[in-house]
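# Architecture and fold: a report
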Amino acid sequence: MADNPGQGVSSLPLPPMQYVNAYSDENIKRGRNPRPPPPPQDSYSMFGVAYHSDDTIIQPLENLGFRRLYPQAYDHKRELKKLNHSILVNFLDLLDILIKCPDSPKRAEKIQDLNLLFINTHHLINEFRPHQARETLRVMMEVQKRQRIDTVDRFQKHLDKVIEVLQGCATALPDTDIDNKLAVTTQLMDTEEPDSETALQIHEVDEIDKMMCHIVDDIS
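Calculation rules
Residues numbered from 1 in each chain as written. Predicted model: local features only at pLDDT ≥ 70, side-chain atom pairs only at ≥ 80, totals over all residues. Heavy atoms only, no water. Helix = DSSP H or I, 4+ residues; strand = E, 2+ residues; numbered from the N terminus. Buried < 20%, exposed > 50% of the residue type's maximum accessible area, 1.4 Å probe, protein only. Contact = heavy atoms within 4.5 Å. Areas by Shrake-Rupley, 256 points an atom, 1.4 Å probe, with all protein chains shown as cover. Polar contact = N/O pair within 3.5 Å; in protein donor to acceptor, adjacent residues only side chain to side chain. Pairing = 2+ DSSP bridges. Salt bridge = Lys/Arg side-chain N within 4 Å of Asp/Glu carboxyl O.

### Regarding the overall build of the chain
- Scanning the chain for helices and strands turns up seven helices and two strands.
- Taken from the N to the C terminus, the helices and strands of the chain come in the order α-α-β-β-α-α-α-α-α.
- Scored against the burial criterion, the 220 residues of the chain give a buried share of 11%.
- Of the contacts formed within the chain by residues at least 6 apart in sequence, a portion of 50% connects residues at least 24 apart.
- For the chain, the computed accessible surface area is about 18,800 Å², with 60% contributed by carbon and sulfur atoms.

Okay, here's the thing in structure tokens:
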């Protein structure tokens with residue numbers, strides 16, 4: 001068996017139970033599950049009965065070699081109730097025959113009648129299989145839709161919460177306009193040119209400093 005993650009396992013047809021067991025959660029997660037068998041193109045065998053791919057899903061009882069006990073146009077619910085009552089009555093008749101005369105040939109007839117009644121009942125039930133499949137698919141899609149809607153709602157709630165937190169952080173930040181104004185004022189003071197009076201005072205101070213330096217030099 002070749003291990004190709006994400007592409008399934010290419011292998012010869014497996015026995016039914018081995019094929020089912022190969023679809024474990026671990027194999028599906030790692031992509032080791034076998035690929036589905038290809039659909040039959042012409043004919044296939046199921047439970048020992050040969051079928052063709054173009055056959056109808058639910059074949060009439062006449063095609064299967066059994067006698068129909070209900071009309072062509074019928075109500076499923078009504079016919080199933082009638083068949084259920086017939087099965088109960090024939091079963092009670094069979095019990096009566098087994099009690100009074102077990103060796104009577106009517107016992108085999110009643111068994112055949114019960115067999116035919118059960119076949120007709122199962123055929124009516126099987127005619128609901130396509131409807132059951134559609135309903136199952138509809139329910140699965142409804143579940144997936146609800147899950148996606150719940151996921152979107154949870155994501156939207158988290159998004160709203162994040163936006164609220166960010167807005168709270170933005171409002172909690174200090175106001176930097178005052179600091180900017182102070183910085184601008186300081187910069188202006190540093191770069192401002194001194195006026196004429198201030199320049200004169202600075203010049204006089206420089207002259208006095210020079211004179212004091214000369215006096216100290218002479219004394220030393």
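### Comments concerning the side chain of Asn90
- By secondary structure assignment, the location of Asn90 is in helix H3 (residues 76-100).
- What makes Asn90 buried here is its relative accessible area of 13%.
- Reaching out from Asn90, the side chain makes a polar contact with the side chain of Lys110 at a distance of 3.3 Å.
- If we ignore the near neighbours within four places in the chain, the residues touching Asn90 are Lys110, Asp113, Leu114 and Leu117.

### Topic: the pairing of strand E1 (residues 43-46)
- By the bridge criterion, four bridges tie E1 to strand E2 (residues 49-52) in an arrangement that is antiparallel. Residue pairing across strands places Ser43 opposite His52, the latter belonging to E2.

### Considering the environment of Arg138
- Along the polypeptide, Arg138 turns up in helix H5 (residues 129-172).
- One polar contact links Arg138 to Glu135, side chain to side chain, over a distance of 3.0 Å.

### Considering the pattern of salt bridges
- Within the structure shown, the criterion is met by five salt bridges.
- Among the ionic pairs, Lys110 bridges to Asp93, the shortest N-O distance being 3.3 Å. In this pair, Lys110 is assigned in helix H4 (residues 106-126) and Asp93 in helix H3, connecting sequence segments 17 residues apart.
- On the basis of relative accessibility, which here comes to 18%, the residue Lys110 falls in the buried class.

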